Each structure stands twice: as C-alpha cells, then as structure tokens.
Amino acid sequence: MSGGVLVALAGQPNSGKSTIFNLLTGARQFVANYPGVTVEKKVGYFSRGENRVELVDLPGTYSLTSYSMEERVSRDFVLGSQPSAVVNVVDASNLRRSLYLTFQLLEMDCPLILNLNMIDVAKSKGMEIDLEELERRLGVPVVTSDGKRGKGREELAEAITRPSPARGLRIDYGPLEPALRRLQKLLEAQPRLVGRCPFRWLAVKLLEGDPEALAMAREGADDWREVEALLDKERESFSQEFVQPPFRHIAFRRHQAAEAIGQAVIKTTHAARKDFTDRADRLLCHRLTGPLIMCGVFYLLFELAVNQGGRLAALITPYLGQMQRFLEGFLPAAGYLEEPLLTSLASWFMTSINALLVYIPQFFILFSLIAILEDVGYMPRMAFMLDRIFRRFGLHGNSTLPYILGGIYVGGCAVPGVMSCRAIPDERARLATILTVPLMNCLAKTAFYIMLVDAFFPQQKAGAMFFISTITLLTALPIARLLTMTVLRGRETAPFIMEMPSYHLPSPRGVLIRAVERITTYIRKVMTIVASVAVVIWVLLQFPGVSAPRMEEHAARAQTQVSQFLAAIDGTPLAAKVKDMDQVTALLTLREQYRADKAGAAGDAEASRMVDQRYREQDPDFLAAFQDRRAKTYRALDKLRKERADLWREIKQERIDNSILGWLGHALVPISRWAGFDWRINVAMLSSFAARESATATFSALYGIGGGGQSLGASMGESSGDGQAITALNATALMLFMALFPPCLATTIMVRVATGRLKWMLFSFAYPSALGLGAASLVFTGGGALGLDGWQAMWAYYALAAGFALLVGLIPERSAITNT
Amino acid sequence: MTLDILRPGSQCRVLGLTTAGNLGQRLMDLGFHPGVELRVIRNAPLLDPLEVEMLGYCISLRHNEASFVEVEHL
C-alpha cells in the first residue's frame, strides 16, 4: 500500500479527539466546511513510510443518528467517502458509554481502530483495562494513548497504515434478530441499493425509524412498497410483542452490550475517591460562589485581553506608524495643494490595515485564554450556570462563548464570535446567536465612544461607558427572543442535555495551536475583506471630486499663501534657498519629517539632540525655521503651515461633499434627521463599513479637527457651514446608533459563511439598521420633545430598554418536546 | 415519579423514558436506560438545569428534559 490513504477520526465530545488530531498531524491542518452545511471540517496530513495519510476530523458526536447535522455529516462521510480506516477515539475512563458510538461505527462495516485515549486518567481513577480481552471482544485493534502528553503517536500511526484484519463485533439484537434478517434479505434483493451502505446497518436504521435512512431506502429501493410493507409489519409486531418500539430495544441492547464488555475488561483496582472535579465543582458551580467566580473569570478575560492587550498594542503602534511612514516614503510626494491619488489611496489603505493589525495582540491573548478555558473544561460550567437566562431569550447556555468573543461587556470582535456559534447544538438558538452577536461591543467601536464621551460627558465618563457597555446586551437578549418567536420559529431545536467533563490541565501545545488557528482565520477573513472594502470606500469618498473652477480658486489661494510667505522671509538667509512653490512644499515636508523625528525621540534628551544635530548639519537655516521660536522664518513658516492645513481641510471637506458617499449622506438626511444626524454624520457612518475605526477618522476630517489644537468636542459643538452643531443629545443618539449599527462587512460575510444563506446575511444587515435608527430617533426626537439633555435621555432610554427586556423575558416558553 | 422533581443528593434508578425523537435519542445516547442508577448532584445557581451523576460521569440537563425520565427512589 502506498500513496494517499484516507483516514477518519471519530469520537464523542470530550474524548480528546482534537488532541489526537493535533498529535498526528501537527501543524499541517486545514479548516473548511462540509459542503452545504455549517459544520466545520478539519483535515490534516501526515506521512509514514511511503504512505501519505489524509486525516479527517469528524465532528464529536455521542451517536450516529440523523437527528443533528453533526451526526448526519459524520455518517455520510463514513458511508460516502469509504475511508480506509476509522480511528475511534475513546475516553478510556468512560469506556462503557463510549462503546455506544463504537458499536454504531462497527455496524457501518468500516475498518475500525479503537484508540483508548486519556489512559492516564483512567489509571488515576483506579481503572485497569484488559486490552487483550477488549481487542478480542471487539475484533478490532486497540491502541492506547495519552494525547495530552504526546504519547501514542507512533502506535497509532502504525495501526492506521497497517492493513486491517477481519470485521469486528456484531451486536446481537436478540428478539429483533429474526425481523432484522427478514428485512436485510429483502433489502439485498434491491440491486440499486448495492454498494451504498451495509445492508444490516440499513435494516437496523429502518427499524429504528431513522428519517435519513428511510429516505435513502425509498429513493434507492427498486420496490419500495414491498420494503415499506415489511418494515411496517415488523415494527408493528415487535412493538406489540415486546411492549416497546424497536428503536428503544436497539438502544438498550447496545447499552447492555457495552455493560457486558465493560464488566469483562475493566478492573477497578481501588475505589474511586472523590476526585478533583467533584471538589472543584462544589465551588465553581455553587449557588453563590459559582456566579461570583464566573464574574471573576469574565473580568480577568477583559482585564488581560482588553486592558493588558491594549497596552501591548500601544507598544507596537509606533512601529506600525513608522513602517507606514517608511512605505509612504516610496510614494510620490504631496504637492503644495494636494497629494497625488496614488499616495492618497495607499495611505488610506495602509491606515485601514494598520487599524486592524493593532488588535492582533489583544485577540491573540483573548483567543489563548478562551482556548485555556475550553481545555480546562470550564465552558460547559458557564453554559450550565447561564442557560436559564439565555434560554429565557431563545438562546442556549452555549451562547455564552460567542457573546464573550463578540464583546459582551467591552471589546470583542463579532467575527470570531460568529465563528464560535458552531458549538451551539440547537439550530434555532444558533441562528439567534449568530444574528445577535454583532450587536455586542466591537473593540473597534470603542475609540469612537471614547471620542464622544470625552467630548460630551467629561464629568460622567464612567457612567456613559457603563451605559454603552451594557445597553448592547440589554438589547440583544430581547431581540434574540423576538427573532426566535418570529423569523426563526419552526427551526430545529435540540435538547440541552450534555456531559460535564472532568477538569483537565490545559496542554500548552493544544492551546497555542487553537489560538493561532483562530487568529489566522481572523486575519485571513477580516484582512482581505477590509482591504478590498477600504479601496471601494476610498473611491466613493474621492470621486467625482472637486470641480475644476473651484480647484482653480484653491490654486490661486495657495499661490497667495506662498507669495506672502516668500515676502515675509525676504531678507533672511532662508530666502536664498527657498524661492518657489516646489521648494516651499519641500520645506514643509521636511518640517513634518523633523517633527516626526523629534516625536520619535520623545523623552530621550540625547536622541533629541542627535536629531537636531543631524538637521543642523543638513542646513542650519532650515533648522532655525523649524525650531527657533524667535526667528522670523519660524513664525512665517508656522503661519504658512496653518494656512495650508486649513486649505487642505477645506478641499477635503469639499471633496467628500462632492463625492458619491457625500451625495448618499445628503440623500439620507430626510430619514436620519429624526435621529439628529446631518449629512456629515451619515458619511462618517457609511465610511465605517470596512472597519469601524474609520468612523473616527472621517469624523475628524469632516468636523475639521486639524492641527489647530482645537478639541473635538469644541469643534463639533460649533455650528459651521451647512452642518448643525452637535449637542450632548446628538452624542447619545449617535453612540446608541453606533452600538446597534449593522455589523461591519467582515462580520456580515461571516454571517453568510456560518449560516450558509445570503438572506441571513442581508437580514443581519437590515434589522440592526432599522433598530439603530429607531433607537437613535427615539432618543433624539423623543428626548428632544421631552426637553431631556443627553445624560437624562441616556438613562431614560436605558430604563425603557431594561423594562422591555424584562417584559420579553417573562413571555412564557412553549415546550417543543412531545410525549410518546 | 420523574427525575425533575428529585432534590439534590437523592439517588434513583431509571425506569424508562416517556419521549422519543431527538430528546429521547439523546437521553439514550447518554445512558438513560432502564436499570441505570443515578444521583442528583446539584441544581444550577438559578435552579435550572440540574446535574446528575451516572455510570461514572456527570450530565447536565434541563428540568423539562428530566421530566421525561421516569425513575424510582432508592
């Protein structure tokens, strides 16, 4: 045997399957989706001898029925792709329960290898497993491993590439056997079914009443009527004779078989003492300490990822800036009046990308911490404690992780949040979570909030930030409930029931692999989208641009400014070196460079002196104009700089005003004025679709925050031109709108990926738009009518939202479960 | 008697399930079969879901799901 070998990895949740996957494949793995569904498909590769093994990680499932997407995917893979081996990873300390899945795999006639993983845990629990006996009873090779410590790789790889022996154990279904045989015989007489699946497996599934198997048989049988008649008769008579339907009997026989094997192969060496998990859970799931510790965990996540990560980000920001300046150095230099298009585009592009690169440290810390929590086994505990609240709102205990990643308090990203929704087994809750996670507080929006809060609520900073941080959750929960009651009604739901795994020490390798995997997905997905959208937005902001006659006026003004400057420096040594507009422009550029170099040396007197020294050597007259406040040239140059900045700003504003996006901003005013937004705010919001942080930049440009040292609040408070002055009430409406505003494009695309449907992507965009505009209008128009100021309106809205959330939470749930 | 009405600390034995379909299947997958003994460990801080120990592992399930498990007190 040589060349490519296809191998599947199957196992129950918490069996340590992903550890084994990492152990075998190392870093050579790829993540994709199974065609057409939202289930993640992980594929890895490794070589052994001359075999190149393609290892597919099937989703962790307890069983192989057709009730859940994950189970259907696993089953279809084993039947359809016919892997040359299936490795069944089993938690050795839970052997009995795990065999339940093993039997179903054996029934599918696949060449099985049983991998007893976490053999160390079983030993420490006082269990000794008779491997030979297990091998004999199951009829398949058994290989032990301790994935966490990296033990068992060789043995597993060896077993995978060794040709498999004869078929394994066949479960004896006792009194159902005659019926099974009759059905199997009839199925074998249907030529079109040959090769699609093992007949005995199909017979069992048909008697169980498995809908997918029924569909397969109906479609594939040559005489389905005859098969159906026999099936109905067998099920009927069995149910009558043995007082239980065949599916219950089948499950019970598997359970009994597992018990029998368990008793034969497991020797308990010492009575299991109260283990660590048990004692830890007394504290971690306790009525009082449980929620307290959970709050502590949330706080720690926030502190380490957002605060400490933010500090780390602040450290790398200057380097990113330097890199950008370095790259910009290769671009055509700006003229006196405006910069070349290429330079403008490249700068905008790099600024957009840098805005995202800055978040990488924070996300890396966040992803690592989450991976640790997952490894330890704390996630199911959080789901256990929070399920009651989430369920009230149509969500699921497992919605906790997506909400945390999305930024349940402050600072997250909806992209990983939406990605992690896969872990929610209930389709309705999963969709509700996917659609509401983008309402959480994205880290990129924070800069915008801080800008507004600093400007309009300087006295109540903490209160205003608290408002923003919590209002999103207060909105998301009732929205989720309303969604499940309306558009998501009738979606598949799943039971909550889940295992509470034992606590484990996290393995650094596994944590690292997962964190890196998530961050690369984030970078790939977010970066590519942001980069392309940034270009589109730039075009929309740039064209058609300022009209030619206006541009001539600006050019004339520029000429006047330069002439005045040249007149002012007349007679100084500088005048001999700077004679025309090009030279003046070059001087201004050099001044900026000097300023940047001085800023780079900030705090270091020696370095600062060195910078001066360098410029003095270049030209002492230039340095005087840059630095010597008493010099005539300094004052003239400073005046020119300010005049030029004003001119640039005016041109920029005019250009945006004349751009497509500007036109759109104006066009939206009839709607947005209810929320108190003028065209400039509209443009800022529209321009932030690539990345939320663009809003801050566009805002600054439109409100003329320049080098004048004027604070944002002051300049926004001034009424200028055709825009209106911004009040605190505006600011509240604006923050609220930003909080509820549609997700950025990267998130919207993730929604498309996670749901597999374009309509959900459009919906995830449309409903927050309406919601944000409605809430902002309520605050601005309603609050204005009542004569409330921004601070009062904020809390009036908060009370309304809280009341609404409470009301929605009190709507009784209808149970979807039916009795038999 | 059904599993959902038992208090933490009580022990019981499964008699049967009164639901089929998705929930019934999942209950069986996790070992709720006639004769299996289990112990209610705790309720969640907000009283729902509950956690039970059976066959050497722990399961958490909601009360309305537990109400489909017929048990007898031990």
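It should be emphasised that the depicted structure is a prediction, and the values quoted were computed from it without experimental measurement. (Residues numbered from 1 in each chain as written. Chains lettered and ligands numbered in written order. Predicted model: local features only at pLDDT ≥ 70, side-chain atom pairs only at ≥ 80, totals over all residues. Heavy atoms only, no water.)

1. Focus: the overall build of chain A
Working step 1: When its secondary structure is counted, chain A shows 37 helices and 10 strands.
Working step 2: Reported as C-alpha extents along the three principal axes, the dimensions of chain A are approximately 110 × 65 × 55 Å.
Working step 3: Here the analysis covers contacts within chain A between residues at least 6 apart in sequence; of these, 75% occur between residues at least 24 apart.
Working step 4: Across chain A, 88 positive and 78 negative side-chain charges occur, with their mean positions spaced 3 Å apart. (Helix = DSSP H or I, 4+ residues; strand = E, 2+ residues; numbered from the N terminus. Contact = heavy atoms within 4.5 Å. Lys, Arg positive; Asp, Glu negative; His and termini not counted. Charge placed at Lys NZ, Arg CZ, Asp CG, Glu CD.)

2. A few points about the nonpolar core
One recurring pattern in soluble globular proteins: nonpolar side chains tend to sit buried together.
All names here are of chain A.
Working step 1: Ranked by internal contacts, the top residues of the largest apolar core, which has 125 residues, are Phe-363, Tyr-378, Phe-448 and Tyr-797.
Working step 2: With near-sequence residues (within four places) excluded, Tyr-378 lies in contact with Leu-284, Gly-290, Ile-293, Met-294, Val-297, Leu-373, Met-385 and Tyr-503.
Working step 3: In this structure, Val-43, Met-108, Leu-116 and Trp-201 belong to the second largest nonpolar core, which totals 64 residues. (Core = buried A, V, L, I, M, F, W, Y, C linked by side-chain atoms within 4.5 Å. Buried < 20%, exposed > 50% of the residue type's maximum accessible area, 1.4 Å probe, protein only.)

3. Focus on the domain arrangement of chain A
All names here are of chain A.
Working step 1: Its domain assignment divides chain A into domain 1 (3-161), domain 2 (174-242), domain 3 (287-377) and domain 4 (548-654).
Working step 2: Computed from C-alpha coordinates alone, the two centres of domain 3 and domain 4 are separated by 33 Å.
Working step 3: Opposite the seven residues of domain 3 that make contact, domain 4 presents 16 residues.
Working step 4: Summed over both partners, the interface of domain 3 with domain 4 comes to about 860 Å²; 68% of that surface belongs to carbon and sulfur atoms.
Working step 5: The three residues of domain 3 that bury the most area against domain 4 are Tyr-336, Leu-337 and Glu-338, which together make up 78% of that side's buried surface.
Working step 6: Counting the contacts that link domain 3 with domain 4 gives zero salt bridges.
Working step 7: On inspection of domain 3 and its partner domain 4, the count reaches zero residue pairs in polar contact (both at pLDDT 80 or more).
Working step 8: Counted by class, the side of domain 3 that touches domain 4 contains three nonpolar, one polar and three charged residues. (Domains from an automatic or database assignment. Buried area = accessible area lost by both parts, 1.4 Å probe. Salt bridge = Lys/Arg side-chain N within 4 Å of Asp/Glu carboxyl O. Polar contact = N/O pair within 3.5 Å; in protein donor to acceptor, adjacent residues only side chain to side chain. Nonpolar A, V, L, I, M, F, W, Y, C, P; charged D, E, K, R; others polar.)

4. Quick look at the packing of aromatic side chains
Residue and element names in this part refer to chain A.
Working step 1: Within the structure shown, the criterion is met by 13 aromatic pairs over all chains.
Working step 2: Ring geometry for Phe-467 versus Tyr-798: centroids 5.9 Å apart, planes at 50 degrees, classification tilted. Pair noted here: Phe-467 is in helix H21 (residues 461-485) and Tyr-798 is in helix H37 (residues 790-809), with a separation of 331 residues, a long-range link. Just as Phe-467 is buried, Tyr-798 falls in that class too.
Working step 3: A ring pair is formed by Phe-677 and Phe-737, whose centres lie 5.2 Å apart and whose planes are at 70 degrees; its orientation type is edge-to-face. Residue Phe-677 is found in the loop between helix H30 (669-672) and helix H31 (679-687), and its partner Phe-737 is found in helix H34 (residues 728-740); the two are separated by 60 residues along the sequence. There is no split in this pair, since Phe-677 and Phe-737 are both buried.
Working step 4: Joined through ring pairs, the aromatic side chains of Phe-457, Phe-466, Phe-467, Trp-791, Trp-795 and Tyr-798 make up one cluster. (Phe/Tyr/Trp six-rings, centres within 6.5 Å; stacked < 30°, edge-to-face > 60°.)

5. Some points on the interface of chain A and chain B
Working step 1: The partner chain B presents 39 residues to the 43 residues of chain A that form the contact.
Working step 2: The tally of links from chain A across to chain B stands at three salt bridges.
Working step 3: Measuring nitrogen to oxygen at the nearest pair gives 2.7 Å for the salt bridge that ties Asp-387 of chain A to Arg-62 of chain B.
Working step 4: Where chain A meets chain B, there are 14 residue pairs in polar contact (both at pLDDT 80 or more).
Working step 5: Elements with a minimum of two residues in the side of chain A that touches chain B: helix H3 (95-107), helix H11 (246-265), helix H12 (276-284), helix H16 (379-392) and strand E10 (498-500) of chain A.
Working step 6: Residue classes in the side of chain A that touches chain B are distributed as 19 nonpolar, 11 polar and 13 charged.

6. Looking at the pairing of strand E4 (residues 51-57) of chain A
All names here are of chain A.
Working step 1: The element E4 is extensively covered by neighbouring structure, given that five of its seven residues are classed as buried.
Working step 2: Relative to E4, strand E3 (residues 40-48) runs antiparallel, the two being bridged by seven bridges. When the bridges of E4 are listed, Lys-42 appears paired with Asp-57.
Working step 3: Counting the residues between successive antiparallel strands, the hairpin from E3 to E4 contains two residues, one of them, Gly-49, with a positive phi of roughly 60 degrees. (Pairing = 2+ DSSP bridges.)

7. So, helix H7 (residues 177-188) of chain A
Residue and element names in this part refer to chain A.
Working step 1: With 12 residues, H7 ought to run about 16 Å at 1.5 Å a step, and its terminal C-alpha atoms sit 16 Å apart, in line with that.
Working step 2: Considered for burial, the residues of H7 that qualify are Glu-177, Ala-179, Leu-180, Leu-183, Gln-184, Leu-186 and Leu-187.
Working step 3: The inward-facing, buried residues of H7 abut helix H8 (199-208) and helix H10 (224-242). (Expected span 1.5 Å × (residues − 1).)

8. What about the pattern of salt bridges?
Pairing between side chains becomes possible if they bear opposite charge and their charged atoms approach one another.
Residues and elements named next belong to chain A.
Working step 1: One pass over the structure, following the stated rule, counts 39 salt bridges over all chains.
Working step 2: Here Glu-154 and Arg-48 are joined by a salt bridge, their closest N and O atoms 2.9 Å apart. One end of the pair, Glu-154, is in helix H6 (residues 153-161); the other, Arg-48, is in strand E3, and 106 residues separate them in sequence.
Working step 3: Arg-48 gets classed as partly exposed once you look at its relative accessible area, which sits at 23%.
Working step 4: When salt bridges that share partners are traced, they join Glu-107, Lys-205, Glu-208 and Arg-254 into one network.

9. Focus: a nonpolar patch on the surface
Residues and elements named next belong to chain A.
Working step 1: Side chains of Leu-341, Phe-349, Val-535, Val-539 and Phe-543 sit close together on the surface and give an oily, nonpolar patch of about 350 Å² of accessible area.
Working step 2: At the level of elements, helix H14 (341-357) and helix H22 (508-542) are the ones that each hand at least two residues to the nonpolar patch.
Working step 3: With respect to the secondary-structure elements, Phe-543 resides in the loop between H22 and helix H23 (548-568). (Patch = residues over 30% accessible without salt bridge, like charges linked within 9 Å, V, L, I, M, F, W, Y side chains within 5 Å. Areas by Shrake-Rupley, 256 points an atom, 1.4 Å probe, with all protein chains shown as cover.)

10. So, the packing of helix H35 (residues 745-755) of chain A against helix H36 (residues 758-785) of chain A
Residues and elements named next belong to chain A.
Working step 1: Relative orientation of the contacting elements H35 and H36 amounts to 145 degrees, with a least axis distance of 8 Å. In the crossing of H35 with H36, the sense of the turn from one axis to the other is right-handed. Across from Thr-748, Val-751, Arg-752 and Thr-755 in H35, the residues of H36 making contact are Leu-758, Trp-760, Met-761, Ser-764 and Phe-765.
Working step 2: Residue composition of the contact of H35 with H36, grouped by class: five nonpolar, three polar and one charged. (Axes fitted to C-alpha atoms, helices over the stretch in contact; angles between N-to-C directions. Left-handed = near helix turned anticlockwise from the far one by under 90°.)

11. Remarks on the sheet that holds strand E2 (residues 37-43) of chain B
Working step 1: Within the open sheet, the six strands sit side by side as E10(A)-E4(B)-E3(B)-E2(B)-E1(B)-E5(B). Their pairing is antiparallel. Single-partner strands in this sheet number two, and they are E10 of chain A together with strand E5 (69-73) of chain B. Within the sheet, the average angular offset between the axes of one strand and its neighbour, ignoring direction, is 45 degrees.
Working step 2: As paired strands, E2 of chain B and strand E3 (residues 50-54) of chain B are joined by five bridges and run antiparallel to one another.

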